[in-house]
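Tertiary structure, described
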Amino acid sequence: MGKTIIVSNRLPLQIKIEDEELEVTPSVGGLATGLKSFHREGGSVWIGWTGVSADDVPQGMEDLILEETRKEQCIPVSLTEEEVQGFYYGFSNRTIWPLFHYFMEYCEFNTDHWETYKQVNEKYANAVLEDLEDDDIVWVHDYQLLLVPNLIRKRKKNATIGFFNHIPFPSYEVFRTMPWREEILEGMLGANLIGFHTYDYERHFLSSVNRILLRDVTFNQVILNSRKVRVDSFPMGIDYDKFHNAALQTNRLTTDENSDFQQKLELHRSSTESAKLIISVDRLDYTKGIANRIRAYEFFLERYPEYKERVRLIMLAVPSREEVPQYQLLKKEIDELVGRVNGKFATVTWTPIWYFYRSMPFENLIDLYTTSDIALITPTRDGMNLVAKEYLATRTDQTGVLILSEMAGAAHELNEALLINPNNFDQVVETIKRAFEMPREEQIKRNKVLQQRLRRYTVEKWANDFMRALKETKDTSKTYDAIEIDEQIEEAILKKYRQSKNRFLFLDYDGTLVDFVSNPKDARPDQELLDLIQSLCAQEGTQVVLISGRDKETLGTWWREVPVPLIAEHGVWMRPASEEWVLSENVRCDWMETIRPVLETFVDRTPGSFIEEKNYSLAWHYRKTDPGLGELRANELSTVLKDLIANHGLSVLQGNKVLEIKSSDVNKGKAANKMLINQKADFIFAIGDDWTDEYLFNELPKAAITVKVGIKKTNARYFTKDTQQVRDLLRKLAKQN
Ligand code: ADQ
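Residues numbered from 1 in each chain as written. Predicted model: local features only at pLDDT ≥ 70, side-chain atom pairs only at ≥ 80, totals over all residues. Heavy atoms only, no water.

**Quick notes on the pairing of strand E7 (residues 160–164)**
Where we set the bar: Classification of residues uses two cut-offs on accessible area relative to the type maximum, computed with a 1.4 Å probe and protein chains only: under 20% is buried, over 50% is exposed, and between them is partly exposed. Helix numbers and strand numbers start at the N terminus; a helix is a DSSP run of H or I with at least 4 residues, a strand a run of E with at least 2. Paired strands, as defined in this entry, are two strands with at least two bridges between them according to DSSP. Looking down the strands as they point away from you, a crossover is right-handed if its path from the first strand over the helix to the second goes clockwise.
Of all five residues in E7, five are buried; the element is thus mostly enclosed. With five bridges joining them, strand E6 (residues 137–141) and E7 adopt parallel strand pairing. Bridged to isoleucine 137 within E7 is threonine 160. Note on the crossover from E6 through helix H6 (residues 148–155) to E7: the handedness is right-handed.

**Brief notes about the packing of aromatic side chains**
How two aromatic rings sit relative to each other is given by the distance of their centres and the angle of their planes. For the record, the criterion: Stacked, edge-to-face and tilted are the three classes for Phe, Tyr and Trp ring pairs, Trp counted by its six-membered ring, which pair at centre distances within 6.5 Å; planes under 30 degrees apart are stacked, over 60 edge-to-face, the rest tilted. Consider the ring centre and the ring normal. A charge sits over the ring if Lys NZ or Arg CZ is within 6 Å of that centre and within 35 degrees of that normal.
Across all of its chains, the model carries 42 aromatic pairs by this definition. Pairing tryptophan 114 with tryptophan 180 gives two aromatic rings, centres 5.2 Å apart and planes at 15 degrees, and the pair type is stacked. A residue pair is termed long-range when its members are at least 10 positions apart, and tryptophan 114 in helix H5 (residues 111–131) and tryptophan 180 in the loop between helix H7 (172–175) and helix H8 (181–188) qualify at 66 residues. Seen in terms of ring centroids, phenylalanine 602 and tryptophan 620 are 6.2 Å apart; in terms of plane orientation they differ by 75 degrees. Their pairing is edge-to-face. In this pair, phenylalanine 602 sits in helix H22 (residues 592–605) while tryptophan 620 sits in strand E25 (residues 617–621), placing the two residues 18 residues apart along the sequence. Tryptophan 620 shares its class with phenylalanine 602; the two are buried. Members of the aromatic cluster, connected to one another through ring pairs, are Phe87, Phe91, Phe109, Trp114, Tyr117, Tyr124 and Trp180. Stacked on the ring of tryptophan 573, the Lys or Arg lysine 552 has its end atom at 4.3 Å from the ring centre.

**Remarks on helix H24 (residues 668–676)**
Just so we agree on the cut-off: Directions from the helix axis toward the C-beta atoms define the arc. Only heavy atoms matter for contacts: two residues are in contact if any of them lie within 4.5 Å across the pair. By the criterion applied in these results, polar contacts are pairs of N or O atoms within 3.5 Å in which, for protein atoms, one can donate a hydrogen and the other can accept it, and in which residues neighboring in sequence qualify only through two side-chain atoms.
Buried residues of H24: Lys668, Gly669, Ala671, Ala672, Met675 and Leu676, and no others. What you see down the axis of H24 is that its buried residues fit within an arc of 165 degrees, all on one side. Structurally, H24 contributes buried residues whose contacts are with strand E19 (503–507), strand E20 (542–547), strand E21 (566–568), strand E22 (573–575), strand E28 (683–688) and helix H25 (694–699). Two or three places before glycine 669, at the opening of H24, asparagine 667 has a side-chain oxygen 2.8 Å from that residue's backbone nitrogen. Positive backbone phi, at 60 degrees, marks asparagine 678, one or two positions downstream of H24.

**Regarding the packing of H5 against H6**
For clarity, the threshold we go by: Only C-alpha atoms enter the line fits that serve as axes; for helices the fit covers just the stretch in contact. Angles between N-to-C directions range over 0 to 180 degrees. Angle categories are assigned with fixed cut-offs, so that under 35 degrees is roughly parallel, over 145 is roughly antiparallel, 65 to 115 is roughly perpendicular, and the rest are oblique. Take the far helix as your reference; a near helix turned counterclockwise from it by less than a right angle gives a left-handed crossing, and one turned clockwise gives a right-handed crossing. Note on residue classes: Ala, Val, Leu, Ile, Met, Phe, Trp, Tyr, Cys and Pro are nonpolar, Asp, Glu, Lys and Arg are charged, and everything else, Gly too, is polar.
Relative orientation of the contacting elements H5 and H6 amounts to 50 degrees, with a least axis distance of 9 Å. Our classification of the angle between H5 and H6 gives oblique. Our pair here, H5 against H6, has a crossing hand that is right-handed. Facing H5, whose interface residues are Asn121, Glu122, Tyr124, Ala125, Asn126, Val128 and Leu129, H6 presents Val148, Leu151, Ile152 and Arg155. Split into classes, the residues belonging to the contact of H5 with H6 amount to seven nonpolar, two polar and two charged.

**Observations concerning the nonpolar core**
For clarity, the cut-off: Throughout this description, the term nonpolar core refers to a set of buried Ala, Val, Leu, Ile, Met, Phe, Trp, Tyr and Cys residues connected via side-chain atoms within 4.5 Å. What counts as a domain boundary in this text is fixed by an automatic or database domain assignment.
Counting residues in hydrophobic clusters, the biggest one holds 103 residues, and the most contacted among them are Tyr124, Ile152, Ile194, Phe205 and Ile334. Ranked by residue count, the leading element in this core is helix H4 (residues 81–100), at nine residues. Shared between two domains, this core takes at least three residues from each, and those domains are domain 1 (4–233) and domain 2 (240–455). Other than its neighbours up to four places away in sequence, isoleucine 334 contacts Leu284, Ile290, Ala291, Ile294, Met315 and Tyr355. Among the nonpolar cores identified, the runner-up in size contains 43 residues, and Val514, Trp581, Val666 and Ile705 belong to it.

**Quick look at the site of the ligand**
Heads up, the condition is: Proximity is defined per residue: if any heavy atom of the residue lies within 4 Å of a molecule or strand, that residue is considered near it. All accessibility values rest on the Shrake-Rupley procedure with a 1.4 Å probe; residue burial counts only the protein chains present in the view.
Taken together, 22 residues are adjacent to the ligand, and His166, Val318, Asp382, Met384 and Glu390 come closest. Within the contact set of the ligand, an oxygen atom lies 2.9 Å away from a side-chain nitrogen or oxygen of lysine 288. Burial of the ligand by the protein chains amounts to 82% of its free accessible area of 720 Å². Elements with a minimum of two residues in the shell around the ligand: strand E12 (276–283), strand E13 (311–318), helix H14 (362–371) and helix H15 (386–393). Of the residues belonging to the shell around the ligand, the class tally is 11 nonpolar, five polar and six charged. When residues are assigned to domains, the shell around the ligand turns out to be shared by domain 1 (4–233) and domain 2 (240–455), each giving three or more.

**Some words on the pairing of E13**
Most of E13 sits inside the fold, with seven of its eight residues counted as buried. As paired strands, E12 and E13 are joined by eight bridges and run parallel to one another. Bridging from a neighbouring strand, arginine 283 pairs with valine 318 of E13. Assessed by its sense of winding, the connection that carries the chain from E12 through helix H12 (residues 290–303) to E13 is right-handed. In this sheet, strand E14 (residues 353–357) lies alongside E13 in parallel orientation, the contact comprising five bridges. Opposite methionine 315, over in E14, you have tyrosine 355 as the bridge partner. Taken together, E13, helix H13 (residues 325–345) and E14 form a β-α-β motif whose crossover is right-handed.

**Digging into the sheet that holds strand E18 (residues 483–484)**
Pairing in this open sheet of nine strands is mixed, and the strands run E18-E30-E29-E28-E19-E20-E21-E22-E23 from one edge to the other. Single-partner strands in this sheet number two, and they are E18 and strand E23 (582–583). Summarising the sheet, E20 and E21 pair through two bridges and their orientation is parallel. Opposite isoleucine 547, over in E21, you have isoleucine 567 as the bridge partner. Helix-sheet contacts for helix H20 (residues 527–538) involve E19 and E20, and the interaxial angle to E20 is about 140 degrees. Relative to the sheet, helix H26 (residues 723–735) contacts E19, E28, strand E29 (705–709) and strand E30 (718–720), its axis offset from that of E28 by approximately 160 degrees.

**A few points about the sheet that holds strand E15 (residues 374–377)**
Strand pairing in a sheet is mediated by backbone hydrogen bonds. Such pairs are either parallel or antiparallel. Overall, parallel pairing links the six strands, which are arranged E14-E13-E12-E15-E16-E17 in an open sheet. Since the sheet does not close on itself, it has two edges, and those belong to E14 and strand E17 (418–420), each with one partner. Here the average twist between neighbouring strands, direction ignored, is 20 degrees. In the packing of H14 onto the sheet, the strands contacted are E12 and E13, and the crossing angle to E12 comes to about 140 degrees.

**Brief notes about the domain arrangement of the chain**
The assigned domain composition of the chain is domain 1 (4–233), domain 2 (240–455), domain 3 (483–585 + 667–734) and domain 4 (592–663). The distance between the C-alpha centroids of domain 2 and domain 4 comes to 58 Å.

**With respect to the pattern of salt bridges**
Let me state the cut-off plainly: Here, a salt bridge means any Lys or Arg side-chain nitrogen found within 4 Å of an Asp or Glu carboxyl oxygen.
Applying the stated criterion across every chain yields a total of 53 salt bridges. A salt bridge links arginine 203 to aspartate 200; the shortest N-O distance between them is 3.2 Å. Taken together, the residues arginine 203 and aspartate 200, both in helix H9 (residues 199–212) and three residues apart, mark about one turn of the helix. The exposure class assigned to arginine 203 is partly exposed, which follows from its relative accessible area of 40%. A salt bridge links arginine 446 to glutamate 442; the nearest nitrogen and oxygen atoms lie 2.9 Å apart. Residue arginine 446 and its partner glutamate 442 are located together in helix H17 (residues 440–456), separated by four residues, close to a single helical turn. Judged by relative accessible area, arginine 446 falls into the partly exposed class, the value being 21%.

Here's what the structure looks like:
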């Protein structure tokens, strides 16, 4: 078992350089806690930026930083100020962050930022590659590093890579506005496992992959040519015991032992009987709904003036991304709003809002959580929101009310909280009132359930679950019956080829020799392919047969100059090398009059689909339709056809984004076998990518070497990954004598 390499934008440590002195202290955020068992074990490492730009590191101190961070099992990625600006403040926080949180109006599509983002992602990937050994597991985190998984994959094909996105993944309609959407999806798909906090983000991602990259998605797996990527949701938890135990300890302190901060909080409580505290804690970010929270609180005081002097909102906002203009504007807006509300309602002895714009030490955060009767957490979008969970963990007597926005990922798990739509002011105001009035027994009943859940699904469990699922992805890739053609198998095939005298190669065309294109007419063979088939045909004792579902006109035109035998329409037509087409099966087609109108109704209802009329079959193509709709209609059509074809001796072939109706007497297997009659073939090779080729694999003699293109369910003996590998193999065959 190798080591774990964790990769995130920032390292879990703080670096201070003062008077040429270096101080490195580990920081204990949620992520660091969750990953501690992996990070501290087996020489594992964490790769990331130190938070100090290379321009601010005094000359000669680089090595010392390296040495000191190494002691914490960390490897620093060095970033210049310019890189930090373009990568972090630029593309990460002015493009991805707003777009993924549905703030499209804040989103900047700046090519320079994108270039820097790519370049810095390369830096992180290189740092991983320098340290990566065969059995290692790489876990990449968050939206700053979306391209890293594929950058690693490109250079280390068999690496085990996980990726977790800590923020939402937006719906396809929003994501598709991104100019570099393909690159971003491809970047993420470099991983074996992609994790999100909720199922909604997962399905948004899968939908984008399906619609933008036109990749097949089955359940929660993306099917690529050579591998599958599993996508799943893992809701992140907190270090429950840390918060709970700290709260127990605070509650045990006597008044004198309490912190100054706690004493001030108590003063407010004791000043008025029934006085209540509402708390909110966030990074100062426009996604957290801070401004609307203040406005809702203002409405509350207006609508229920009896609460004046009996309630206080303590707002804690951590400074964040102050170099991004939107955050500067937000800071100003919040300052003004707090000023306005306090100015409007304050009395000599009471201010309605206490606002802290700073980070608080852990102990004070606990003081706040334990003293507050209500937590008001109202993001307009939030990947998860850990503050909500932390608040609940500190409620040791199980009192307290959590008001939580439905738009936070955490809302999916925290159903017993009072869930609100942060845009519905009326609802927020009434919910604050309800929270005030909620009987103690009800609070306890709700929190009991919530705490049980949080205690069980901690951040450590989250990390373990993700890692287990990541390791499992390695095992599932081995469950195919077909064996991948590796060097050894390839050598055996070549050897057999050399030793035989009468060889037959049955080659499917689309998806095997050429990749799929959106318009089937554009898939004509390139010169390289023409030459390759020509040279195979020229070999003595070798019969190459192109066997396809395509119509004879197209195939005949494309292969006019090459003396290769062709089988068209799955076996209806046959063209011996350089001769005329002959009808190889006497097939009826009077059924077409009945089936065609049915297909036409599906074309009408499925934009982008069309009917291809061949001499002896009808095909309904849906490659260019909306992928979801196409699959849905294809299923519907199969069902409709099942009843219709029963009496006609017809069958429906489900190809790649096509349904083809044809006589049951015709298939590629039968057609190929016909060619083999009386031939004494001593080498039979068949290769194809879709369902119609399974007839070949099933019906050819047992000794045939059958190969599927792509990782799919198949009866072929072997599989190869893509058309490129097919061509490589054929090229090698062409060189044998
Ligand atoms: P954040 O947007 O930072 O995280 P959140 O999950 O709430 O949001 O985490 C904030 C953390 O900072 C909490 O642990 C909290 O205790 C701490 N904190 C906040 N204000 C503080 C203050 N003034 N002083 C001290 N500590 C403070 C991103 C996503 C979230 C997702 C997390 C984890 O935006 O949606 O939940 O990652 O995946």
